[in-house]
Amino acid sequence: TASLFCFSFAVLQALEDGLEKADADPSVKAVMICGENGKFSAGADIRGFSSPNRPVKSLAALVSLIESSKKPVVAAIEGVALGGGLEVALGCHYRVAHVKARMGLPEVTLGLLPGAEGTQRLPRLIGVPAALDMITTGKHIPATEALKLGLVDEVVEENTVEAAIRLANKVIGQPLGPRRLSLKPVPKLPDMEAFLSEARVRVKKQAQGCLAPELCFQAVRAATQMPFADGVRRERELFMVLLSSGQARALQYAFLAERAAQKWTTPGGASWSSATPQPVRSAAVIGLGTMGRGIVTSLVKANIPVVALEQDLEYLNTGRKAVMLLLEREATKMELGAQTLDFHNPARLQFTVDFDSLRDVDLVIEAVFENMALKKEIFHKLSRICKPGALLCTNTSALNIDEIASATSRPQQVIGTHFFSPAHVMRLLEIIYGRHTSPTAIATAVQLAKALKKVGVVVGNCFGFVGNRMMFPYVQQAVFLLEEGSRPEAVDRVLEDFGFKIGPFRMSDLAGLDVGWRSRQGQGLTGPSVPAGTPARQRQGQRYSPLPDLLCESGRFGQKTGKGWYQYERAGGRTATPDPWLHNLLAQYRDTHGIEPRFIDQEEILERCLFSLINEGFAILAEGIASGPEHLDVIYINGYGWPKHKGGPMFYASTVGLPRVLAKLHKYSEAHPDVPGLRPNAFLKKLAAVGNPPIKEWMSYLSQQSSRL
Ligand code: NAD
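Just so we're clear, the structure is a prediction, and the values are computed from it rather than from any experiment.

K.L.:
So what exactly am I meant to see when it comes to the pairing of strand β9 (residues 306–309) here?
P.N.:
Remark: a regular strand shows side chains that alternate across the two faces of the sheet. Neither face of β9 is exposed, since Val306 and Ala308 on one face and Val307 and Leu309 on the opposite face are all buried. Two elements, strand β8 (residues 283–286) and β9, share four bridges in a ladder whose sense is parallel. Across the sheet, residue Ala284 finds its bridge partner in β9, namely Val307. With respect to chirality, the unit in which β8 leads through helix α12 (residues 290–301) into the neighbouring parallel β9 is right-handed. Examined bridge by bridge, β9 and strand β10 (residues 349–352) share four bridges and lie parallel to one another. Among the inter-strand pairings, Val307 is bridged to a residue of β10, identified as Gln350.

K.L.:
I keep staring at the site of the ligand and nothing clicks. Help me out?
P.N.:
Around the ligand, a shell composed of 23 residues is seen, among which Met291, Glu310, Glu370, Lys375 and Ser397 lie nearest. Contact distances for the ligand include 2.5 Å between an oxygen atom and a side-chain N or O atom of Glu370. Every element with two or more residues in the shell around the ligand is listed here: α12, α15 (372–385) and β13 (414–419). In terms of residues, the shell around the ligand owes the most to one element, α15, which gives three residues. For the shell around the ligand, a count of residues per class yields eleven nonpolar, nine polar and three charged.

K.L.:
Can you help me understand the sheet that holds strand β15 (residues 455–459) in this one?
P.N.:
Within a beta sheet, neighbouring strands are joined by backbone hydrogen bonds and run either parallel or antiparallel to one another. Here we have eight strands laid out as an open sheet, ordered β10-β9-β8-β11-β12-β13-β14-β15, and mixed in their pairing. One side of each edge strand has no neighbouring strand; the edge strands of this open sheet are β10 and β15. Each neighbouring strand pair of the sheet contributes to a mean axis angle of 25 degrees, computed without reference to strand direction. Set on the sheet, α15 makes contact with β8, β11 (363–366), β12 (391–394) and β13; between it and β12 the angle comes to about 170 degrees.

K.L.:
Explain the nonpolar core to me, please; I cannot follow it from the model alone.
P.N.:
Nonpolar side chains in soluble globular proteins tend to end up buried together. Grouped together as the largest cluster of nonpolar side chains are 102 residues, with contacts concentrated most on Leu382, Trp565 and Leu610. A per-element tally of this core places helix α24 (residues 602–622) first, with ten residues. Once residues lying within four places of it in the same chain are set aside, the contact partners of Trp565 are Val479, Leu482, Pro488, Phe505, Ser508, Asp509, Leu513, Leu547, Pro548, Leu551 and Leu582. Of all hydrophobic cores here, the second largest spans 61 residues; its members include Ile77, Ala143, Ala199 and Ala248.

K.L.:
Would you take a moment to explain a negative patch on the surface for this structure?
P.N.:
Where like charges cluster on the molecular surface, the negative patch consists of Glu16, Asp17, Glu20 and Asp23. Within the secondary structure, Glu20 is located in helix α1 (residues 9–24).

K.L.:
What exactly am I supposed to notice about unusual backbone geometry here?
P.N.:
With the exception of glycine, most residues fall at negative phi, and the peptide bonds are largely trans. In this structure, the amide linkage connecting Ser421 to the following residue, Pro422, adopts the cis form with an omega of -10 degrees. With respect to the helices, strands and loops of the structure, Pro422 is situated in the loop between β13 and β14 (428–433). In the Ramachandran plot, Asp342 falls in the positive-phi region, its phi being about 60 degrees despite a non-glycine side chain. For Asp342, the location among the structural elements is in the loop between α14 (338–341) and β10. Here the phi dihedral of Phe465 falls at roughly 55 degrees; this positive angle occurs in a residue that is not glycine. A relative accessible area of 0% means that Phe465 is categorised as buried.

Definitions and cut-offs
- Residues numbered from 1 in each chain as written.
- Predicted model: local features only at pLDDT ≥ 70, side-chain atom pairs only at ≥ 80, totals over all residues.
- Heavy atoms only, no water.
- Buried < 20%, exposed > 50% of the residue type's maximum accessible area, 1.4 Å probe, protein only.
- Helix = DSSP H or I, 4+ residues; strand = E, 2+ residues; numbered from the N terminus.
- Pairing = 2+ DSSP bridges.
- Right-handed = clockwise from strand over helix to strand, strands pointing away.
- Near = heavy atom within 4 Å.
- Polar contact = N/O pair within 3.5 Å; in protein donor to acceptor, adjacent residues only side chain to side chain.
- Nonpolar A, V, L, I, M, F, W, Y, C, P; charged D, E, K, R; others polar.
- Axes fitted to C-alpha atoms, helices over the stretch in contact; angles between N-to-C directions.
- Contact = heavy atoms within 4.5 Å.
- Core = buried A, V, L, I, M, F, W, Y, C linked by side-chain atoms within 4.5 Å.
- Patch = residues over 30% accessible without salt bridge, like charges linked within 9 Å, V, L, I, M, F, W, Y side chains within 5 Å.
- Areas by Shrake-Rupley, 256 points an atom, 1.4 Å probe, with all protein chains shown as cover.
- Salt bridge = Lys/Arg side-chain N within 4 Å of Asp/Glu carboxyl O.
- Lys, Arg positive; Asp, Glu negative; His and termini not counted.
- Charge placed at Lys NZ, Arg CZ, Asp CG, Glu CD.

Structure, rendered in structure tokens:
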């Protein structure tokens, strides 16, 4: 009767007792194992993973016990059989699955490997290529695929338990030896060696510094090289390596952080637990540029009818073509016909230049140029045209939500929905509430994120919100490092070795240098509005680098112009090569400004970039812009290519130790007193002073949630 859904000691004990009783009772001829409430088992409870008394050892023993039973044991798999749940099923002699069941070994995604002999049994059952694929990716497979692979013996559409009992009755008396996977040889391949070495390269490349996929590979390879018992020992060794690597802890943190970040609260007292969303049955997107195209695609994929609006027919045509191309590609990827996505149907996707077409939609997402006057004009129009309940969202990267809302007569329905490029791919949706945004509006945006299969993180309104605000000091340090003697390729290399998908300069080239340039012009930091006599490398008493402005003034906007911090094979090219022109510019620049270039080591590059970003994170927490460090980490993992196996910037800071982060910031700040981003934040200082508490306790040290409202 014990529920198998999440293993606990009690469940394992109950299973063991049941098996022993069955074995001892001569009237029992066969055994059937099933889960409760239509779910076989999702494996161990993730919260128990890192604890010292996790039941892995006893789980392996249980699987062996099942396999060695003298009576046939049949697994009835309904719902899911994941992780340890699937390993239990592999110990059974037969497996029957419901057609809707899914199976997988997702341990790798949590930085581990299937540690209850799964890496040794699965290749024996379904062969090395399929087993390696499942174990190194953690993907879930549907029952029908499991049947093709031979992972299950039978798939049923009706009662799985009854089918399993029928099968058990049928096989009573048949020899069990051939059904015991530990006794079977691993199926041979024509050239196992060649296959394995190719697979290893593939796995390593996809892992990007994450250990678990490589160790999963090694465990499966062990199955091909040694007898079962030795393979099991190897599996256990590799498991222990992963468990103590720190990566498993980071990945489990990241998993739980994503759940924690669903729980939003505002300093005004609104919260996820009390707010109810409005239904979104239709939407509109204004502006079909880089972002609007992806946003439309995302909405169509979520089955939400969309009205797409542009400023004139020419832009509309270009936008429509781009959207159609994206949707065709998505349809192919989803292996659906264009018919199923239904985007040729004007009731599902309509293109227009007429604002009146937005009269009846439930929600509008504005994605026009990053220009306050333009956005205000549009929101003013929307507030006149849209139906009273409609939610008005802006995709601005940094502009003030309150100012945009002030152009409407309904600021309670205005909210920031900050998508990331490409919007139909990136998982993050930063949701920004303004001074007047209603809890319903927040809940509706959160619901929208779910509908789009994205992670919505609710944050407060400030320049750059959370993600970009933390990015500013990071990119600023990267540029300062160039002034002082480094090169774009050196800085990028260090951050990519750390695990970022791309370094800050490659990223700027990809996003377009003109975006920041226009924003700095708007802020009066560069361009004609800068008063005569302003020192080139200083603004308002702080250090400033005009280097990015100089690039833009020479027409170097990054990939789109074929030149930026790197050179590219052509405008729009993607292969970055170091550019002697830029090295030359840097040398001249240092000459002009009397900067003596120095060698900057990897440690300084890493620490100045990361610790300034983390420092800003503490400021954000102290100001109540985000409810906790998990929110910041989820934003960085899903929107900024932060390596998940390092758990997000705030988690990373906790692993480095806050006193160390603080000491380093002190050191760099003393060397660069005119850089506020390096000055240690008071909240960081406080946490270091109270003895570096664990990350989950940080927020309790904020004397009071400072209300910005
Ligand atoms: P873009 O220049 O590629 O596209 C803007 C589109 O808006 C253009 O097609 C333009 O014709 C259209 N437009 C302008 N005025 C209009 C009007 N009055 N009515 C209808 N359409 C109009 O810009 P983008 O990169 O897609 O950025 C859009 C917004 O998203 C900006 O606020 C930007 O800051 C933000 N954003 C951009 C990125 C990014 O990586 N590009 C990421 C996140 C957020």
